[in-house]
Amino acid sequence: MTNFKERWQDAPIVVYALMLLTILMFAMMFLNPVVWLNGFTSVNMLMNGRIIGFMMASVNHGRFMNLFVDLVILFFVGGQLERLLGHWRLLAIYILSSLASLFTTGAFFGLDTPTVTAGTAILGLFGGFLMLGDAFKEESVLGQVARQYWLFLFLTIGLQFIVDHNALYAMVGGVLGGFLSSMVLGAPKVGKINPLNRVVSGLIYVATMILFGFLGMNH
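Counting restarts for each chain, with residues numbered from 1 along the sequence as it is written. In keeping with the predicted nature of the model, local features appear solely for residues at pLDDT of at least 70, side-chain atom pairs appear and are counted solely at 80 or more, and the whole-chain, interface and lining totals rest on all residues. Hydrogens and water molecules were not included; the side-chain quantities draw on all heavy atoms of the structure.

1. A short note on the overall build of the protein chain
Then comes step 1: Counting its secondary structure elements, the protein chain contains 11 helices and 0 strands.
Then comes step 2: Numbering goes from the N terminus for both helices and strands, where a helix is a DSSP run of H or I of at least four residues and a strand is a run of E of at least two. For the protein chain, the N- to C-terminal ordering of α and β elements is α-α-α-α-α-α-α-α-α-α-α.
Then comes step 3: Radius of gyration here is computed from C-alpha atoms only, and the compact-globule reference equals 2.2 Å multiplied by the residue count raised to the power 0.38. Over its C-alpha atoms the protein chain spans a radius of gyration of 17 Å, differing by no more than 12% from the 17 Å that the globule rule assigns to 219 residues.
Then comes step 4: Taken along the three principal axes of its C-alpha coordinates, the protein chain extends 45 × 40 × 35 Å.
Then comes step 5: When burial is assessed residue by residue, the protein chain has 46% of its 219 residues classed as buried.
Then comes step 6: By definition, residues are in contact when any of their heavy atoms lie within 4.5 Å. Summarising the internal contacts of the protein chain: among those between residues at least 6 apart in sequence, 75% fall at separations of at least 24. When accessible area is computed with a 1.4 Å probe and restricted to protein chains, residues below 20% of their type maximum are described as buried, those above 50% as exposed, and intermediate ones as partly exposed.

Put into structure tokens, the structure is as follows:
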């Protein structure tokens, strides 16, 4: 019984749940397109209480290739991060990264711009690893993983700039959201993070969301 409990606590159950919801949401495109279309959100929709729509947008994809790539990233990167940070921290980083990318989109394209945030929320998980590499520089393994993810993000964002640079803002917002939110939440399984860094990161996150909200009003 104890071994089962330990295995269950160590398993990335939040990642598995997110993968399942993502697949089910994509299936809605074929089974019930109306439900799938409701999986788009905007800042104004969220501010008007469309929380369910925001959560649906956080697992919504429009193309199979995007879905496939994001599921692979979620399984490997998200699974590793959940084991390092814990279940509820991983879920919080995912949601806060989704929120950050949404407000970034709103700042540049307007608060009524409909969008999905699944891919950018997953990019926020990379931001979590970048935070670990920055906060625990003495851990050579974390530093090496963080450097590899920096390269991956650089290539991904560079490619996105060529293909569709309009999505670039949301991607950067998701990564920064993941970095700041994971710093705020901490990583007790890995080590202690300077409390001042956590407070400052939280203030930057909140201030940026407010600033982006005001900027979006001008579009």
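After presenting the structure, the write-up continues.
2. Considering the packing of aromatic side chains
Then comes step 1: Side-chain rings of Phe, Tyr and Trp (the six-membered ring for Trp) are treated as a pair once their centres are within 6.5 Å; stacked means planes under 30 degrees apart, edge-to-face means over 60, and tilted covers the remaining angles. The tally for this structure, following the rule as stated, stands at 8 aromatic pairs.
Then comes step 2: Their ring planes at 90° and their centres at 5.0 Å tell us that Phe 75 and Phe 76 sit as a pair that is edge-to-face.
Then comes step 3: Taking the relative accessible area as the measure of exposure, Phe 75 reaches 38% and is therefore partly exposed.
Then comes step 4: Their ring planes at 15° and their centres at 4.1 Å tell us that Phe 108 and Tyr 169 sit as a pair that is stacked. Of this pair, Phe 108 sits in helix α7 (residues 87-109) while Tyr 169 sits in helix α10 (residues 168-185), and the two are 61 residues apart along the sequence.
Then comes step 5: On the accessibility criterion, Phe 108 (38% relative accessible area) is partly exposed.
Then comes step 6: Site record: aromatic cluster; members linked through ring pairs are Phe 26, Phe 30, Phe 64 and Phe 68.

3. So, the pattern of salt bridges
Then comes step 1: Salt bridge, as used here, is a side-chain nitrogen of Lys or Arg placed within 4 Å of a carboxyl oxygen of Asp or Glu. In the structure shown here, the tally under the stated rule is 1 salt bridge.
Then comes step 2: A salt bridge links Asp 134 to Lys 137; the nearest nitrogen and oxygen atoms lie 3.3 Å apart.
Then comes step 3: Note on Asp 134: relative accessible area 36%, which makes it partly exposed.
Then comes step 4: Residue class for Lys 137 comes out exposed when judged on its relative accessible area of 59%.

4. Some points on the packing of helix α6 (residues 64-85) against α7
Then comes step 1: Two numbers describe how α6 lies on α7: the axes approach to 7 Å, and their chain directions differ by 130°. When the axis of α6 is compared with that of α7, the two are oblique. Where α6 crosses over α7, the handedness of that crossing is right-handed. Residue-level inspection shows Leu 74, Gly 78, Leu 81, Glu 82 and Leu 85 of α6 in contact with α7, the latter providing His 87, Arg 89, Leu 90, Ile 93 and Tyr 94.
Then comes step 2: Each residue belonging to the contact of α6 with α7 can be placed in one class, and the counts come to 6 nonpolar, 2 polar and 2 charged. For every element, the axis is a line fit to its C-alpha atoms; helices are fit only across the contacting stretch, and the angle between N-to-C directions ranges from 0 to 180 degrees. Roughly parallel means an angle under 35 degrees; roughly antiparallel, over 145; roughly perpendicular, 65 to 115; everything else is oblique. Rotating anticlockwise by less than a right angle from the far helix to the near helix defines a left-handed crossing, while the corresponding clockwise rotation defines a right-handed one. Classification convention: Asp, Glu, Lys, Arg as charged; Ala, Val, Leu, Ile, Met, Phe, Trp, Tyr, Cys, Pro as nonpolar; all other residues, Gly among them, as polar.

5. Considerations on α7
Then comes step 1: A helix is expected to span 1.5 Å for every residue after the first. Here α7 contains 23 residues, and its C-alpha end-to-end distance of 33 Å stays within 8% of the 33 Å for a straight helix at 1.5 Å per residue.
Then comes step 2: Trailing α7 by a residue or two, Gly 110 shows a phi angle of about 110°, which is positive.

6. Some words on the side chain of Asp 70
Then comes step 1: For Asp 70, the location among the structural elements is in helix α6.
Then comes step 2: If near-sequence neighbours (up to four positions away) are discounted, Asp 70 is found in contact with His 61, Gly 119 and Ile 122.

Any link to function would need more than the numbers given here.
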